[in-house]
Amino acid sequence: MPATSGTGDHATGRVALVTGASRPHGLGMAVARELATNGFHAVLAGRDPGQTRLRAEELSAEGLTATAVHIDLSDPATVAAAAARLDAEFGRLDALVHNASLMPDWETSSLLEADAGRVRAAFEVCVFGPWSLTQACLPLLLAAPAARIVTVSSGAAMQVRAGAAMPRPVGAPGYSMAKFTADALTASLAVELRDAGILVNAVDPGRFASHPELGDDNDGRPTAESARWVAWAAMLPEGGPTGMLLEDGEPV
């Protein structure tokens, strides 16, 4: 289990942006709480401004430091506006966590049955949006002394990694292909940012209870446990791994 400081009272000056943080029991909210507990000013981003603001207020009520910004990864204008706001308010970004995701084709079980519109939607949120957000936030990341970028991956990408050894057709093909591509993008960014001292990794959060409010536990562990490992990757010390796909702190 990764270590935590157990306090949000001693601000470190570090700032973290977590996308997909508008659901009360979602992974993004849990990651934001974990980072805020470790002294970060957590900036929660989501498509629904009202819900995202409520999540930030919940963290503030817990004595943590948090604010909300509106980011719709399919809308470049919101990406640019959020980056401009972060620049004006903080002038730096120490951790960028790409958590927002979209699985529009979970019921599809074959590449040949995939709907092109749904595939594009998955790539927009899982690949193109995070790519653009990283570009927009690059000056802020470079302004921090040791920035970290974390992409939340998925076990769904592993079936694509298997290539010709896949035992069956790709399930949720748009989502799975998008997550596989996001992993490749993460590794490629790690190479480009290595000399800048920015560590870039993907984290498979494993199976966790993503919708406990609906009685859906996915036979998984508590969301907070997965969130700790995502936050751990966002707080790696100098010399830590980069360009890796990690699960529970270990290379996959």
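Per chain, residue numbering runs from 1 following the sequence as it is written. With pLDDT at 70 or above as the cut-off, local features in this predicted model cover only qualifying residues; side-chain atom pairs require 80 or more to be listed or tallied, and sums for whole chains, interfaces and linings still use all residues. Side-chain metrics rest on all non-hydrogen atoms present in the structure, leaving aside hydrogens and water.

Participant: Where do I start with the pairing of strand 4 (residues 95-98) in this structure?
Facilitator: On a regular strand, each side chain points to the face opposite its neighbour's, so the side chains alternate between the two faces of the sheet. When accessible area is computed with a 1.4 Å probe and restricted to protein chains, residues below 20% of their type maximum are described as buried, those above 50% as exposed, and intermediate ones as partly exposed. Helix and strand assignments come from DSSP, with helices taken as H or I runs of at least 4 residues and strands as E runs of at least 2, each series counted from the N terminus. Residues of strand 4 alternate between two faces, with Ala-95 and Val-97 on one and Leu-96 and His-98 on the opposite face, all of them buried. Pairing between strand 1 (residues 15-18) and strand 4: three bridges, direction parallel. When the bridges of strand 4 are listed, Leu-17 appears paired with Leu-96. The parallel pair strand 4 and strand 5 (residues 148-152) is bridged by helix 4 (residues 116-143), and the resulting crossover is right-handed. Note on pairing: DSSP must find at least two bridges between two strands before they are called paired. Classification remark: right-handed applies to a crossover when, strands pointing away from the viewer, the course from the first strand over the helix to the second runs clockwise.

Participant: Any chance you could explain the pattern of salt bridges here in plain terms?
Facilitator: Two side chains that carry opposite charge are able to pair once their charged atoms sit near each other. Note on definitions: salt bridges are taken to be side-chain nitrogens of Lys or Arg within 4 Å of carboxyl oxygens of Asp or Glu. Taken as a whole and judged by the stated rule, the model has seven salt bridges. Across the salt bridge formed by Arg-55 and Glu-58, the nearest N and O atoms sit 2.5 Å from each other. In this pair, Arg-55 and Glu-58 are both assigned in helix 2 (residues 49-61), three residues apart and thus about one turn of the helix distant. Residue Glu-58 is classed as partly exposed on the basis of its relative accessible area of 31%. For Asp-248, the salt bridge identified is with Arg-221, shortest N-O distance 2.8 Å. Here the residue Asp-248 occupies a position in the loop between strand 7 (245-247) and strand 8 (250-251), and Arg-221 occupies one in the loop between strand 6 (199-203) and helix 7 (223-234), the gap between them amounting to 27 residues. What emerges from the salt-bridge pattern is a single network uniting Arg-221, Glu-225 and Asp-248.

Participant: Is there a simple way to think about helix 4 in this case?
Facilitator: In an α-helix there are 3.6 residues to a turn, and that puts residues three or four apart on one side. Any helix carries an expected span of 1.5 Å times its number of residues minus one. With 28 residues, helix 4 should cover 40 Å at 1.5 Å per step; its first-to-last C-alpha distance of 39 Å lies within 8% of that length. The largest bend in helix 4 comes to about 55 degrees, at Cys-137, with the proline Pro-139 one to four residues further on. Those residues of helix 4 lying buried are Ala-122, Phe-123, Val-125, Cys-126, Val-127, Gly-129, Pro-130, Leu-133, Thr-134, Cys-137, Leu-140 and Leu-141. Of the surrounding elements, those touching the buried residues of helix 4 are strand 1, helix 3 (76-89), strand 4, strand 5 and helix 6 (173-193). Two axes define the bend at a residue: one fitted to the seven residues ending there, one fitted to the seven starting there, and the bend is the angle between them. Between two residues, a contact is recorded if the distance between any of their heavy atoms is within 4.5 Å.

Participant: Would you mind going over the pairing of strand 6 with me for this structure?
Facilitator: The buried count for strand 6 comes to five of five residues, which makes it a mostly enclosed element. Of the two faces of strand 6, the one carrying Leu-199, Asn-201 and Val-203 and the one carrying Val-200 and Ala-202 are both buried. Direction of pairing for strand 5 relative to strand 6: parallel, over a ladder of five bridges. Residue Val-150 lies in a different strand from strand 6, and its bridge partner there is Asn-201. Pairing of strand 6 with strand 7 involves two bridges; the strand directions are parallel. What sits directly across from Ala-202, in strand 7, is Leu-245.

Participant: Sorry if this is basic, but what is going on with the nonpolar core here?
Facilitator: Grouping buried Ala, Val, Leu, Ile, Met, Phe, Trp, Tyr and Cys residues that are joined through side-chain atoms within 4.5 Å yields what is termed a nonpolar core. Counting residues in hydrophobic clusters, the biggest one holds 34 residues, and the most contacted among them are Leu-17, Ile-71, Leu-93, Leu-96, Leu-133, Cys-137 and Leu-141. When near neighbours in sequence (up to four residues on either side) are disregarded, Leu-141 contacts Leu-93, Leu-96, Thr-134, Ala-147, Arg-148, Ile-149 and Ile-198. Ala-30, Val-31, Ala-95 and Val-203 belong to the second-largest nonpolar core, a separate cluster that totals 30 residues.

Participant: How should I be thinking about the packing of helix 4 against helix 6 in this particular structure?
Facilitator: Working note: a packed helix pair is described by the angle between its axes plus the distance between those axes. To obtain an axis, a line is fitted to C-alpha atoms, over the contacting stretch when the element is a helix, and the angle between two such axes runs from 0 to 180 degrees between their N-to-C directions. Running from N to C, helix 4 and helix 6 cross one another at 20 degrees; their axes reach a closest spacing of 7 Å. In terms of their interaxial angle, helix 4 and helix 6 are classed as roughly parallel. Here the hand of the crossing between helix 4 and helix 6 comes out right-handed. Of the residues in helix 6, those in contact with Val-119, Ala-122, Phe-123, Cys-126, Val-127, Trp-131, Thr-134 and Leu-138 of helix 4 are Gly-174, Tyr-175, Met-177, Ala-178, Lys-179, Thr-181, Ala-182, Leu-185, Leu-189 and Leu-193. Residues that form the contact of helix 4 with helix 6 fall into these classes: 14 nonpolar, three polar and one charged. When an angle is under 35 degrees it counts as roughly parallel; over 145 it counts as roughly antiparallel; between 65 and 115 it counts as roughly perpendicular; any other value is oblique. What makes a crossing left-handed is the near helix being turned counterclockwise from the far one by less than a right angle; a clockwise turn instead makes it right-handed. The residue classification treats Ala, Val, Leu, Ile, Met, Phe, Trp, Tyr, Cys and Pro as nonpolar and Asp, Glu, Lys and Arg as charged. All others, Gly included, are polar.

Participant: Explanation requested: helix 3 in the structure shown.
Facilitator: Here helix 3 is 14 residues long and its end C-alpha atoms lie 20 Å apart, about the 20 Å a rise of 1.5 Å per residue gives. Looking at helix 3, one finds that the buried residues are Thr-78, Val-79, Ala-82, Ala-83 and Leu-86. Projected down its long axis, helix 3 carries its buried residues within an arc of 135 degrees, all on one side. Set apart from the buried face of helix 3 by more than 90 degrees, the exposed residues are Pro-76, Ala-77 and Ala-88. Buried residues along helix 3 sit against strand 1, strand 2 (41-46), strand 3 (66-70) and helix 4. One or two positions beyond helix 3, positive phi appears at Gly-91, with a value near 70 degrees. Directions from the helix axis toward the C-beta atoms define the arc.

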